[in-house]
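Structural overview for review
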Amino acid sequence: MQNKAQRLRYSRILLRELVKTDFKLRYQGSVLGHLWSILRPLMMFGIMYLVFGYFLRWGEGIPHFAVMLLLGNVLWGFFAEATGQGMRAIVDRRDLLRKINFPKYIVVVSATMSALINLAINLGVVLVFALFDGVAFSWSALWLLPLVLQLYIFALAVAFLLSALYVKFRDIAQLWDVLMQGLFFLTPIIYPLSMIIERTETVRWATVMLMSPMAQIIQDVRYSLISREGVDTLGTLGASWYVVMVPYLIVAAVAAVAAVYFRRNSRRFAEVA
Amino acid sequence: MSAERDVAIAVKGLSKTFRLPTESASELKRVVVNFFRGVRGYKEQKVLKDISFTVEKGDFFGVVGRNGSGKSTLLKILSGIYEADKGKVEVNGSLVPFIELGVGFNPELTGRENVYLNGALLGFSVEEISAMYDDIVEFAELHEFMEQKLKNYSSGMQVRLAFSVAIRAKSDILILDEVLAVGDEAFQRKCNEYFEQIRRDRNQTVILVTHSMGSVQKYCNKAMMIRDGKIALLGAPEDVANEYSMENLNVATAGDGNGRRMAVEEFKIDLLSKNKISQNDKVKIKVSYKMAEDVRANALIVLTDVDRNVSIAGGRSKTVQCKKGEWVVQTVTFDLSQLNDSSVRVVGELWDEEGDILGYLPDGLAPRFLIRRTDYPKDRATWAVLFSRGEWE
């Protein structure tokens, strides 16, 4: 049998080529092409800012609310894209799976990679936006890197789990769509968390919301990158250390379950998908 | 690594069962309902039943079998795409399966991009492909098309490109499924050369799945026939090829019934000679027919080469006066000693004096026989109709 080094080399070659292909084919036939990866979140942001920032005035008194709105949108957009495309990766590539024996995780990773490339581009746009908005960057902006890593690990883990489930139950796609929409509203993206605290007159609900890894990541990125003012995190709310641990534990738990489930089922993907 | 260094693939007691969903089992509702009803939402189909064989290093190993016999499943298990339920598969050396050519080919990418993608799936890095890119294009004869999208290629061009990439694979074991019958004649000659070379060099082990008995006899040094998930025959390629051809003949003549009636009440054609003959034998055919009315009629017998799809011989009996309900029996003998190996079907028709057809024998009832010469020289050329190799001076 092939040894480990050879298998790893094969995986690397394959991943590179699949990501390249995905990237080339993504905006196949569209006039604006890859400009869409920037335009889409910007257009969405424009509408959201008009409705929530300008009409409803939800961000009043919060510095750089527009940048935060854009940033939250971009991070959430990545998560939605990576998990959605990751979920379909195995089934979409089933022809390949039936013809050649290769590490199955490659197709899921490659599907999330194109979302990651998009995220990098979009974060660049956010940074330019932030500069124009007069955001003063400090060294704490470097927290962006570990936080994006955490986000990627979380998205990848969810993608692995969903992709394996989707092979067996196509209903998962519908379920995940609804769940994502619900989670979008349960995550402080279009409204500041301080609004929840004001209206409920307690930090309890805000704390619970922040236990979700997506809420924690988005708030932490905003906090370290843009402004400490007007951004509530588990840290600023004074949550005890075991509550602070919850979002990380969730990520770790999802990753563990996904790894075990994916490994156990991946050997039969070629037959079932 | 195995202790026996000369074994490339060892298969022991291999079994595989597929679960075929009876209803759409990928719906959550079905699964839940079935679970509570205690219904298994699938039925089991045994595809491979206790298969054991070994392929030695340097073998050109042919696998034949009718559609659905399980040979593709076997290949997929060998290449690790499917998992065996029971049994052991031991593979010594690196293995690249071309279960099909052009794996990963994408119609929206150009020929060049597809070469890199397909190459990556076969384990080549970008640098490695760049180094052999010119050779690939040269072999495929597609110079002016490489920057065009694959969707603008003809199917023959696609296969040529795929084959040209595939043969670069440097693995110890190649698994090929039905790839020989592609391209035009010139390209087939190239493929032929490639296979001949592998056969001569014997550094690569090849497992070849094919329906072409010509390929089996030409390239393979060992062959195996699979029937209903079991090994029906394992041995010399000639024997396996004959057995396979014979099996296909039997399938073709299965079923009974009379000849289709027009003015004809009954029409039978019997083979009086053996159903496998050599160059020393003659073919003897008995034609019997019974008419529904008094009519003057004759019989026409045509021998058709099934594989080459060409009529090779034929003749008409003399016209006789048939009486209603009485059997007419005629026999005819053909000398086919000039022919190469062939599968032959006997076609029979009944005609009246005016040149109108009265009846014919349905295809399914036509007897068939094989010609298998025993006097082939080593450098045989079995693709031609005639055995003659010309008078050389």
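The notes below deal with the structure included here.

So, the overall build of chain B
For chain B, the count of helices and strands is eight helices and 19 strands. Split into buried and exposed, the 393 residues of chain B put 47% on the buried side. In chain B, the share of contacts with a sequence separation of at least 24, taken over all contacts with a separation of at least 6, comes to 70%.

Overview of the pattern of salt bridges
Scanning all chains against the criterion turns up 23 salt bridges over all chains. Between A:Arg26 and A:Glu81 there is a salt bridge, and its shortest N-O distance comes to 2.7 Å. On the criterion of sequence distance, the pair formed by A:Arg26 in the loop between helix H1 (4–25) and helix H2 (36–55) and A:Glu81 in helix H3 (residues 65–92) is long-range, its members being 55 residues apart. Residues joined in a network through salt bridges with shared partners are A:Arg268, A:Glu271, B:Lys16 and B:Asp85.

Comments concerning the nonpolar core
Core analysis: the biggest nonpolar cluster contains 145 residues, and A:Phe79, A:Ile90, B:Ile9, B:Phe53, B:Leu161 and B:Ile207 have the highest contact counts within it. If you tally residues by element for this core, the top one is H3(A), at 17 residues. Ignoring any residue separated from it by four or fewer positions in sequence, one finds B:Ile207 in contact with B:Ile9, B:Val55, B:Phe61, B:Val63, B:Leu75, B:Leu78, B:Leu174, B:Ile175 and B:Leu176. Judged by nonpolar contacts, the second largest core, of 27 residues, contains B:Val287, B:Ala299, B:Val344 and B:Leu350.

What to know about the packing of aromatic side chains
Each pair of aromatic rings is reported with the distance of its centres and the angle of its planes. All told, the structure shown has 25 aromatic pairs over all chains when counted by the stated rule. Ring geometry for B:Phe60 against B:Phe195: centres 6.1 Å apart, planes inclined by 65 degrees, an arrangement best described as edge-to-face. Separated by 135 residues along the polypeptide, B:Phe60 in strand S3 (residues 60–64) and B:Phe195 in helix H6 (residues 185–201) bring together distant segments of the chain. Taking the relative accessible area as the measure of exposure, B:Phe60 reaches 3% and is therefore buried. Measuring from ring centre to ring centre gives 5.3 Å for B:Phe195 and B:Tyr219, while their planes differ by 40 degrees; the resulting arrangement is tilted. Taken as a pair, B:Phe195 in helix H6 and B:Tyr219 in helix H7 (residues 213–219) lie far apart in primary sequence, 24 residues in all. Of the two residues, B:Phe195 and B:Tyr219, neither departs from the other in class, the shared state being buried. It is A:Arg57 that lies over the ring of A:Tyr54; its NZ or CZ is 5.0 Å from the centre. Sitting over the ring of A:Phe102, A:Lys104 keeps its end group 5.8 Å from the ring centre.

A word on the interface of chain B and chain A
Each partner contributes to the interface: chain B provides 36 residues, whereas chain A provides 27 residues. Both sides of the chain B and chain A interface together cover about 2800 Å² of buried area, and 58% of this is carbon and sulfur. Notably, a salt bridge pairs A:Glu271 with B:Lys16, separated by 2.8 Å at the nearest N-O pair. At the boundary of chain B with chain A, the tally comes to eleven residue pairs in polar contact (both at pLDDT 80 or more). Where the side of chain B that touches chain A is concerned, the elements lending two or more residues are strand S1 (7–21), helix H1 (28–37), helix H3 (111–121) and helix H4 (126–140) of chain B. Ranked by residue count, the leading element in the side of chain B that touches chain A is H3(B), at five residues. Residues of the side of chain B that touches chain A, tallied by class, amount to 18 nonpolar, seven polar and eleven charged.

A few points about the pairing of strand S8 (residues 222–227) of chain B
Residues and elements named next belong to chain B. Note: S3 against S8, four bridges, orientation parallel. In the strand pairing of S8, Val64 is matched with Met225. Here five bridges tie S8 to strand S9 (residues 230–235), and the two strands are oriented antiparallel to one another. Residue Ala223 lies in a different strand from S9, and its bridge partner there is Gly235. From the end of S8 to the start of S9, which pair antiparallel, there are two residues, and Asp228 there has a positive phi angle of about 50 degrees.

Some thoughts on the sheet that holds strand S4 (residues 86–91) of chain B
All names here are of chain B. As summarised here, the arrangement of the three strands in space is S2-S1-S4, forming an open sheet in which the pairing is antiparallel. Edge positions in the open sheet fall to strand S2 (42–56) and S4, since each of these has one partner strand only. Looking at each pair of strands side by side, their axes are set apart by 25 degrees on average, direction ignored. Contacts from helix H2 (residues 71–78) reach S1, S2 and S4, with the element oriented near 120 degrees to S1.

Quick look at H3(B)
Within H3(B), nine of the eleven residues are buried, which leaves it mostly tucked inside the rest of the structure. Within the sequence span of H3(B), burial applies to B:Gly111, B:Asn114, B:Val115, B:Tyr116, B:Leu117, B:Asn118, B:Gly119, B:Ala120 and B:Leu121. Looking at the buried side of H3(B), the elements it contacts are H1 and helix H4 (94–99) of chain A together with H4 and helix H5 (155–166) of chain B. Among the residues trailing H3(B), B:Gly123 stands out with phi positive, at a value near 95 degrees.

Some remarks on the sheet that holds strand S10 (residues 264–271) of chain B
All names here are of chain B. Spatially, three strands are ordered S10-S12-S16 in an open sheet, and the strand pairing comes out antiparallel. Bordering the open sheet on either side are S10 and strand S16 (327–334), each of which pairs with just one other strand. On average, adjacent strands in this sheet sit at an angle of 15 degrees to one another, irrespective of strand direction. By the bridge criterion, seven bridges tie S10 to strand S12 (residues 283–291) in an arrangement that is antiparallel. Across the sheet, residue Phe267 finds its bridge partner in S12, namely Tyr289.

Re unusual backbone geometry
Residue and element names in this part refer to chain B. Of note, the phi angle at Asp50 is positive, near 50 degrees, even though the residue is not glycine. By the element assignment, Asp50 lies in strand S2. For Glu141, which is not glycine, the phi dihedral falls at a positive 55 degrees. Tracing the chain through its elements places Glu141 in the loop between H4 and H5.

Considering the packing of helix H6 (residues 144–168) of chain A against helix H11 (residues 241–266) of chain A
Relative placement of two packed helices is described by the angle separating their axes and the distance separating the axes. Residue and element names in this part refer to chain A. H11 packs onto H6 with a crossing angle of 35 degrees between their chain directions and a minimal axis gap of 8 Å. Seen from above, H6 lies across H11 with left-handed handedness. Packed against H6, whose contacting residues are Gln150, Ile153, Phe154, Ala157, Val158, Phe160, Leu161, Ser163, Ala164, Leu165 and Lys168, the element H11 presents Tyr248, Val251, Val254, Ala255, Val257, Ala258, Tyr261, Phe262 and Asn265 at the interface. Its residues assigned to classes, the contact of H6 with H11 comprises 16 nonpolar, three polar and one charged.

What about a nonpolar patch on the surface?
Nonpolar side chains collect at one region of the surface, where A:Tyr49, A:Leu50, A:Tyr54, A:Phe55 and A:Leu56 lie side by side and expose about 520 Å² of accessible area between them. The residue A:Leu50 is located in helix H2 in this model.

A short note on the environment of A:Asn73
Residues and elements named next belong to chain A. Position of Asn73 among the secondary structure elements: in helix H3. It is 21 Å that separates the C-alpha atoms of Asn73 and Leu32, two residues lying 41 residues apart in sequence. Apart from residues lying up to four places away in sequence, Asn73 is in contact with Pro41, Met44, Phe45, Met48 and Ile189.

The rules we used
Residues numbered from 1 in each chain as written. Chains lettered and ligands numbered in written order. Predicted model: local features only at pLDDT ≥ 70, side-chain atom pairs only at ≥ 80, totals over all residues. Heavy atoms only, no water. Helix = DSSP H or I, 4+ residues; strand = E, 2+ residues; numbered from the N terminus. Buried < 20%, exposed > 50% of the residue type's maximum accessible area, 1.4 Å probe, protein only. Contact = heavy atoms within 4.5 Å. Salt bridge = Lys/Arg side-chain N within 4 Å of Asp/Glu carboxyl O. Core = buried A, V, L, I, M, F, W, Y, C linked by side-chain atoms within 4.5 Å. Phe/Tyr/Trp six-rings, centres within 6.5 Å; stacked < 30°, edge-to-face > 60°. Lys NZ or Arg CZ within 6 Å of the ring centre and 35° of its normal. Buried area = accessible area lost by both parts, 1.4 Å probe. Polar contact = N/O pair within 3.5 Å; in protein donor to acceptor, adjacent residues only side chain to side chain. Nonpolar A, V, L, I, M, F, W, Y, C, P; charged D, E, K, R; others polar. Pairing = 2+ DSSP bridges. Axes fitted to C-alpha atoms, helices over the stretch in contact; angles between N-to-C directions. Left-handed = near helix turned anticlockwise from the far one by under 90°. Patch = residues over 30% accessible without salt bridge, like charges linked within 9 Å, V, L, I, M, F, W, Y side chains within 5 Å. Areas by Shrake-Rupley, 256 points an atom, 1.4 Å probe, with all protein chains shown as cover.

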